[in-house]
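Listed here are the chains, written in short residue letters.
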Protein chains: 4
Amino acid sequence: MYSFANDYSEGAHPLVLQALCETNSEQTCGYGLDGYCSAAADTIRSLCSAPEADVHFVVGGTQANLLTIHAFLRSYEAVLAAHTGHVNVHETGAIELTGHKVVALPSADGKVTPDMVEQAVAVHFSEHMVHPRLIYISNTTEVGTLYSKSELAALRRCCDDLGLFLYLDGARLGSALTAPGNDLTWSDLSRYTDAFTIGGTKNGALFGEAVVLVQEGVKDHFRYYMKQRGAMLAKGRLLGVQFQALLKDGLYLRLARRANEQAARLREGISALGYELSYHSPSNQIFPVFPNHVAERLASSYDFTVDAPVGPDRTRVRLVTSWATEARDVDRFLEDLARMQ
Amino acid sequence: MYSFANDYSEGAHPLVLQALCETNSEQTCGYGLDGYCSAAADTIRSLCSAPEADVHFVVGGTQANLLTIHAFLRSYEAVLAAHTGHVNVHETGAIELTGHKVVALPSADGKVTPDMVEQAVAVHFSEHMVHPRLIYISNTTEVGTLYSKSELAALRRCCDDLGLFLYLDGARLGSALTAPGNDLTWSDLSRYTDAFTIGGTKNGALFGEAVVLVQEGVKDHFRYYMKQRGAMLAKGRLLGVQFQALLKDGLYLRLARRANEQAARLREGISALGYELSYHSPSNQIFPVFPNHVAERLASSYDFTVDAPVGPDRTRVRLVTSWATEARDVDRFLEDLARMQ
Amino acid sequence: MYSFANDYSEGAHPLVLQALCETNSEQTCGYGLDGYCSAAADTIRSLCSAPEADVHFVVGGTQANLLTIHAFLRSYEAVLAAHTGHVNVHETGAIELTGHKVVALPSADGKVTPDMVEQAVAVHFSEHMVHPRLIYISNTTEVGTLYSKSELAALRRCCDDLGLFLYLDGARLGSALTAPGNDLTWSDLSRYTDAFTIGGTKNGALFGEAVVLVQEGVKDHFRYYMKQRGAMLAKGRLLGVQFQALLKDGLYLRLARRANEQAARLREGISALGYELSYHSPSNQIFPVFPNHVAERLASSYDFTVDAPVGPDRTRVRLVTSWATEARDVDRFLEDLARMQ
Amino acid sequence: MYSFANDYSEGAHPLVLQALCETNSEQTCGYGLDGYCSAAADTIRSLCSAPEADVHFVVGGTQANLLTIHAFLRSYEAVLAAHTGHVNVHETGAIELTGHKVVALPSADGKVTPDMVEQAVAVHFSEHMVHPRLIYISNTTEVGTLYSKSELAALRRCCDDLGLFLYLDGARLGSALTAPGNDLTWSDLSRYTDAFTIGGTKNGALFGEAVVLVQEGVKDHFRYYMKQRGAMLAKGRLLGVQFQALLKDGLYLRLARRANEQAARLREGISALGYELSYHSPSNQIFPVFPNHVAERLASSYDFTVDAPVGPDRTRVRLVTSWATEARDVDRFLEDLARMQ
């Protein structure tokens, strides 16, 4: 049974694990105040041309999202997100638990556009309604799509016009930055957003997300929020060590590119066999549509997510590759799939 | 300037005010533990054939909704509501502030159907998603429509099948129970729902909503929740006195019927002048569609809510009548409207 | 059975009720945006020499406290209060429900001093602890004592030195301002505090507290917070009408003075009979200590609160007078008490 | 600079790290639903003679505390804890953020007794107050002390009598179970408490706390709560793998015993030099009182926590040993200390 279910099925990339092992017996102070975290934060600031940004490290993506979003908002202020957005559908109401409504914007490709934002703001005009204040986007999105530089710039202008914050969930940022067609750079992230995350969990770390706070107003209190919500790791240096390893010599992007390449091979192979793919994803999540009987037979040898039925006879599934996916795993899947026709 | 903006523009019905004046100098204990509240609760239990129900009185509808809904739910459990539902759009995120997602169900007539519920439950299948647990409905709805007995019974069955609670917001319950075509009785409310409210604010009281808890599991702690959220009125007897006055000799339904009748006269007069009405509301809120210039001219003599543009040239407005609306107010409006053609 | 249990046993003062009756049939817009509320806010701004202050009206004291305190604080910021403070012991954890710890400061007389504040701040020095940010005081306190002008000024300086906000709960402000020995004026409230309330419920209104926001930073969002927590009254004008009536021709202070005078007569009579009084309260709450058998016999004719046992043989009770307490009620109590010796 | 500042200065014990390395390339499903977590849960159930208990693994202690406590309580229900308890002073108000008051019980030795509980329950008698519902204890306590079996049994009886839950924070459970004088067994934990944790972070893991839910009522929803609060680790197996390694062949207790032994050597050496120790702690945290100048000189070579001044001339510090503390580290400290006399 091989799993294409997600990009966090394995542990860490060997170089990350090695860094953890090499530093294991050192004594450092706790809670992310150690030298490794501070060096990793410096690396990120430099990488993103954001010398003034604050960088914090947390264990998981839901933590990163709920902490960052809550730090920006007053209780009655709301998040605008694509209806497919992780904060809207896959965090068990984590944002609502912090008191904030997530206003879901129907989106065909998982992305938010200025038009969608303007319409949502227009219908929330009174103090009897929540006040939209922050746009949540993810890159890549939950359906594998990418934001272009011009799309991100347009959202930034929209935010400036309407007094909104822009937050980018980068759980799969590596995959986005290395996808064919991407024209965003690290620096664009700090240029266009108020805060963003750099995902480690899905790209080679045991765990860990870097939260990059660009906006001044939100910086002062973040560690208090972290501690109060149980998001301050005692041995915080584990996060700094891992991010240092990931960001050294371009490993982070190299791993993401590898995942994208295997996804591209899967995509091409599946297309060549005549199956449709939804969402035009150039990244490490692809969404082929198989006849039900093919999806069922695949499920006996491969682990993957069933996304949704497509009519009575077909099923859309999600296949995810990672830095750990080998070419031979893809080959075998395609061979098996070919045999099922 | 006459106002059709809502059904709470005036104070209380004279009989309610008189009851407050007559009891004003009495000493009672505070916080709703007085004899008036307990008598009003008995009256309601008897009226609704719900001898085992708990009845609490709170000052306003948002309080009633957030307290009752929260009392039923664990933090990760969600509310299902029509997208037009008061808790979804007009309470500034009050439900989310208690931690719960409101899953908005698109609805053409402001009502929730078992089909809509089943679909929403079906897509929330994992512990990474909120768990739908309570259906919020209002009667009349925010667009003036009614639930029939068979519709309510169907929702009850749907709740039983799916393990959901059914909560009915009766802010305009009087209008519902006295609308042409209604076949619901007081007793049906306790028979089919787990909790419901009886609105006083919009039907003759200075303020006040009765919360009727039918479901056993939710009864024990309600007063603690009330106090903790600032919803326990010091001179609680004011609520009991008002509800006793309203429920005496059928005053409550009489007032609601009067509001409905004036709305019907408005509706008929507006139709007779050739204007369309949205939503087929038989109750005290009507939604005529006027040419923009008519809507604007009306606005110079009448207060009402502009609901939404209908194409480029027309505007849907909301007109609300109340127990205090006089036939002559309706007559004058219709005359003025006729003159504007 | 006559009740000295509290100062909200009766309804409203006749002049307040009359104002409600006289305005009852008027149409106004809802939610406190009417002319009565705006006139009452002007009156309060003028009375307190605070032309820039924002004034909001809510129904009850717990609402006023939780809304105001929450508006000042980030989630990890804490309230400092006397251990007897209403927010610490008598609001069922309302402040904690908004996320904030109340740090209880042991206090012999119900008051907070700069020393107590400095010590509390000193021991909260790390991001692993809550960050004290607001001092809650009440005047009169829960044990009937008063703040002098110099005490309030000293707390203000302490707040300025330590970066704290000062919030004064004026549920019994009338009693404080008219108590023998008081040297505070209305204007001192806006001079020394960041926010304060003026209590109506316990001084002649049916219900209602005015929240006066002096501090700039907290002003912008208050109505959203009110609505989101169910604290925006539909017929908001009821609050404006009542406060206008109370503040007209000095009625508010006149009523409070009357309550204090009857309390003074009680106090003197009880002392004359040889019983001790705790807390040196010059206001409308007094705390005599009776032998247990006396307390028990009194309880058969009078309603009052049993505060605490004092040793095995005596009981401290609380007696509260109000604007509605008549001299003859006090006389009869003292006569009955004399007979019990 | 050697650190006695805490027991989480280093990474993981080599055997734990080795287990992580050996399993690193395996694919498992995420979120703790893998075989390692389920095996570790079985091990714990068996160890604690609690075949029916539910076991969950979370990353940190504050997460474990806030999740577990919140799962037991309704919003107005409160926690009783020693004033020194971690949830009261060292979690930045995490419990309050979940809505619950922590009622602090003054305690000379960091422990809670039935007397203290009964008194606290007695003064919370009304619905205007929070309702004490759960006792939080830690073992060892924050000042290094232990609960005996009879003390724990007495608290259990007290809980049964008063309708309270008993929750034991075992962040330093290993140190407790291996301290001289301890008479508690693993099985006593499930016998006497409703829930407890087994701390990994402070005893050889990179991170991780096992939450053991004994009480039936709280079991069903825990994973939803975890996810909603960002406490569900994507690569959940990391927790299972570590706990399996720690619990294999008694490693967990062996590591804790080693920490205790080095603390005992420190304690004896410090006593022999004539210095007082506070709190009679037999475990891995000790609290010597040094003259200020000694404390200051020590601080130039050793990292430790300054606990509090003891009069004008002396300082109480906290020294913590761990599984990683070597005998030679203790020797050197004692030699340095001797030289400072």
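Read on for a plain summary of the structure. Because the structure is a prediction, the values reported are computed rather than measured.

### As for the overall build of chain A
Here comes step 1: In terms of regular secondary structure, chain A is built from 14 helices and 13 strands.
Here comes step 2: In terms of overall dimensions, chain A has a C-alpha envelope of 60 × 55 × 35 Å along the principal axes.
Here comes step 3: Burial statistics for chain A: of 341 residues in total, 68% are counted as buried.
Here comes step 4: In chain A, 73% of the contacts between residues at least 6 apart in sequence involve partners at least 24 apart.
Here comes step 5: Put simply, chain A shows about 11500 Å² of open surface, and 51% of that area lies on carbon and sulfur atoms.
Here comes step 6: In chain A, which carries 30 positive and 39 negative side-chain charges, the distance between the mean positions of the two groups comes to 3 Å.

### A word on the relation of the copies chain A and chain B
Here comes step 1: Rotating chain A by 180 degrees and translating it 0.0 Å along the rotation axis places it on chain B, where the RMSD comes to 0.0 Å. Overall, the copies show the geometry of a two-fold rotation axis.
Here comes step 2: The share of interface residues of chain A whose copies in chain B are also at the interface is 100%, consistent with both copies meeting through the same surface.

### Quick notes on the interface of chain D and chain A
Here comes step 1: Contact with chain D, which involves 41 residues of that partner, is made by 41 residues of chain A.
Here comes step 2: At the boundary of chain D with chain A, total buried surface from both sides reaches about 3800 Å², with 55% on carbon and sulfur atoms.
Here comes step 3: Ranking the residues of chain D by area buried against chain A places Gln27(D), Gln228(D) and Lys235(D) at the top, with a combined share of 20%.
Here comes step 4: If you look at where chain D meets chain A, you find 0 salt bridges.
Here comes step 5: The interface formed by chain D and chain A includes 30 residue pairs in polar contact (both at pLDDT 80 or more).
Here comes step 6: Every element with two or more residues in the side of chain D that touches chain A is listed here: strand E1 (2–3), helix H1 (14–22), helix H3 (61–72), helix H5 (94–97), helix H10 (222–228) and helix H11 (237–247) of chain D.
Here comes step 7: Taken together, the residues that form the side of chain D that touches chain A break down as 18 nonpolar, 16 polar and 7 charged.

### A word on the pairing of strand E12 (residues 305–310) of chain B
Residues and elements named next belong to chain B.
Here comes step 1: In this sheet, strand E13 (residues 314–320) lies alongside E12 in antiparallel orientation, the contact comprising 5 bridges. Bridge assignment links Pro309 to a residue of E13, and that residue is Thr315.
Here comes step 2: Here E12 folds back onto E13, and the loop between the two strands holds 3 residues, one of which, Gly311, carries a positive phi near 70 degrees.

### Digging into the interface of chain A and chain B
A common way to report how large an interface is uses the accessible area buried once the components associate.
Here comes step 1: Contact residues are listed per partner, giving 18 residues for chain A and 18 residues for chain B.
Here comes step 2: Between chain A and chain B lies a buried interface of about 1500 Å² when both sides are counted; carbon and sulfur atoms form 55% of it.
Here comes step 3: At the surface where chain A touches chain B, the tally comes to 2 salt bridges.
Here comes step 4: The partner of Lys101(B) in a salt bridge is Glu96(A), with the nearest N and O atoms 2.6 Å apart.
Here comes step 5: Applying the counting rule to chain A against chain B returns 10 residue pairs in polar contact (both at pLDDT 80 or more).
Here comes step 6: For the side of chain A that touches chain B, the secondary structure elements donating two or more residues are helix H4 (86–89) and helix H5 (94–97) of chain A.
Here comes step 7: In the side of chain A that touches chain B, the residues fall into 6 nonpolar, 8 polar and 4 charged.

### So, the pattern of salt bridges
Residues and elements named next belong to chain A.
Here comes step 1: Applying the stated criterion across every chain yields a total of 60 salt bridges over all chains.
Here comes step 2: A salt bridge links Arg156 to Asp160; its shortest N-O distance comes to 3.1 Å. With Arg156 and Asp160 both in helix H7 (residues 149–162), this residue pair falls 4 residues apart, about one helical turn.
Here comes step 3: Here the residues in one salt-bridge network are Arg74, Glu77 and Arg133, joined through shared partners.

### A short note on the packing of helix H12 (residues 251–272) of chain A against helix H14 (residues 327–339) of chain A
Residue and element names in this part refer to chain A.
Here comes step 1: Put simply, H12 and H14 touch, their axes get as near as 10 Å, and they point 15 degrees apart. Our classification of the angle between H12 and H14 gives roughly parallel. For the element pair H12 and H14, the recorded crossing hand is right-handed. Contact with H12, carried on its side by Gln262, Arg265, Leu266, Gly269 and Ile270, involves Ala327, Val330, Asp331, Phe333, Leu334 and Leu337 of H14 and no other residues of that element.
Here comes step 2: Looking at side-chain class alone, the contact of H12 with H14 contains 7 nonpolar, 2 polar and 2 charged residues.

### Description of the sheet that holds strand E13 (residues 314–320) of chain A
Residue and element names in this part refer to chain A.
Here comes step 1: If you walk across this open sheet you meet the 4 strands as E9-E10-E13-E12, and the pairing is antiparallel. In this open sheet, the two edge strands, each paired with only one partner strand, are strand E9 (276–278) and strand E12 (305–310). Neighbour-to-neighbour, the strand axes of this sheet turn through a mean angle of 35 degrees, independent of strand direction.
Here comes step 2: The sheet strands contacting H12 are E9, strand E10 (285–291) and E13, and the helix crosses E10 at an angle near 20 degrees.

### Some thoughts on the side chain of Asp194(B)
All names here are of chain B.
Here comes step 1: Among the secondary structure elements, Asp194 is positioned in the loop between helix H9 (186–192) and strand E7 (195–199).
Here comes step 2: Assessed through its relative accessible area of 8%, Asp194 is described here as buried.
Here comes step 3: When neighbours within four sequence positions are excluded, Asp194 is seen to be in contact with Phe72, Arg156, Leu164, Phe165, Leu166, Val212, Leu213, Val214 and Gln215.

### A closer look at the relation of the copies chain D and chain A
Here comes step 1: Taken as rigid bodies, chain D and chain A are interconverted by a rotation of 180 degrees and an axial shift of 0.0 Å, the fit giving an RMSD of 0.0 Å.
Here comes step 2: In this assembly the copies share their binding face: 100% of the residues contributing to the interface of chain D also contribute to that of chain A.

### A look at empty space enclosed by the protein
All names here are of chain B.
Here comes step 1: Per the counting criterion, the structure on display carries 15 cavities of 30 Å³ or more.
Here comes step 2: Within this model, the largest cavity holds a volume of roughly 370 Å³.
Here comes step 3: Around the largest cavity, the lining is made up of 29 residues, and of these Gly60, Gly61, Thr62, His86 and Lys202 lie nearest the centre.
Here comes step 4: Where the lining of the largest cavity is concerned, the elements lending two or more residues are helix H3 (61–72) and strand E5 (131–138).
Here comes step 5: Looking at side-chain class alone, the lining of the largest cavity contains 9 nonpolar, 13 polar and 7 charged residues.
Here comes step 6: Here the second largest cavity defines a volume of roughly 100 Å³.

### A word on the environment of Leu20(A)
Residue and element names in this part refer to chain A.
Here comes step 1: Here Leu20 is to be found in helix H1 (residues 14–22).
Here comes step 2: With relative accessibility at 4%, the residue Leu20 sits in the buried group.
Here comes step 3: Along the sequence, Leu20 and Arg237 sit 217 residues apart, while their C-alpha atoms lie 9.3 Å from each other.
Here comes step 4: Excluding its chain neighbours within four sequence positions, the residues that come into contact with Leu20 are Leu206, Leu238, Val241 and Gln242.

### Overview of the packing of aromatic side chains
Here comes step 1: Under the definition given, this model contains 54 aromatic pairs over all chains.
Here comes step 2: Measuring from ring centre to ring centre gives 5.6 Å for Tyr8(A) and Tyr31(D), while their planes differ by 75 degrees; the resulting arrangement is edge-to-face. Of this pair, Tyr8(A) sits in the loop between strand E1 (2–3) and H1 while Tyr31(D) sits in the loop between H1 and helix H2 (35–47), placing the two residues on different chains.
Here comes step 3: Grouped by ring-pair contacts, the aromatic residues Tyr2(A), Phe4(A), Tyr302(A) and Phe333(A) constitute a single cluster.
Here comes step 4: Against the face of Tyr147(A) rests Lys111(A), its NZ or CZ located 5.6 Å from the ring centre.

Rules of the game
- Residues numbered from 1 in each chain as written.
- Chains lettered and ligands numbered in written order.
- Predicted model: local features only at pLDDT ≥ 70, side-chain atom pairs only at ≥ 80, totals over all residues.
- Heavy atoms only, no water.
- Helix = DSSP H or I, 4+ residues; strand = E, 2+ residues; numbered from the N terminus.
- Buried < 20%, exposed > 50% of the residue type's maximum accessible area, 1.4 Å probe, protein only.
- Contact = heavy atoms within 4.5 Å.
- Areas by Shrake-Rupley, 256 points an atom, 1.4 Å probe, with all protein chains shown as cover.
- Lys, Arg positive; Asp, Glu negative; His and termini not counted.
- Charge placed at Lys NZ, Arg CZ, Asp CG, Glu CD.
- Least-squares fit on C-alpha atoms with pLDDT ≥ 70 in both.
- Buried area = accessible area lost by both parts, 1.4 Å probe.
- Salt bridge = Lys/Arg side-chain N within 4 Å of Asp/Glu carboxyl O.
- Polar contact = N/O pair within 3.5 Å; in protein donor to acceptor, adjacent residues only side chain to side chain.
- Nonpolar A, V, L, I, M, F, W, Y, C, P; charged D, E, K, R; others polar.
- Pairing = 2+ DSSP bridges.
- Axes fitted to C-alpha atoms, helices over the stretch in contact; angles between N-to-C directions.
- Parallel < 35°, antiparallel > 145°, perpendicular 65-115°, else oblique.
- Left-handed = near helix turned anticlockwise from the far one by under 90°.
- 1 Å grid on protein atoms, 1.4 Å probe; cavity = no way out; pocket = protein on both sides within 12 Å on 5 of 7 lines; lining within 4 Å.
- Points joined across faces, edges and corners; volume = space filled by probe spheres on them.
- Phe/Tyr/Trp six-rings, centres within 6.5 Å; stacked < 30°, edge-to-face > 60°.
- Lys NZ or Arg CZ within 6 Å of the ring centre and 35° of its normal.

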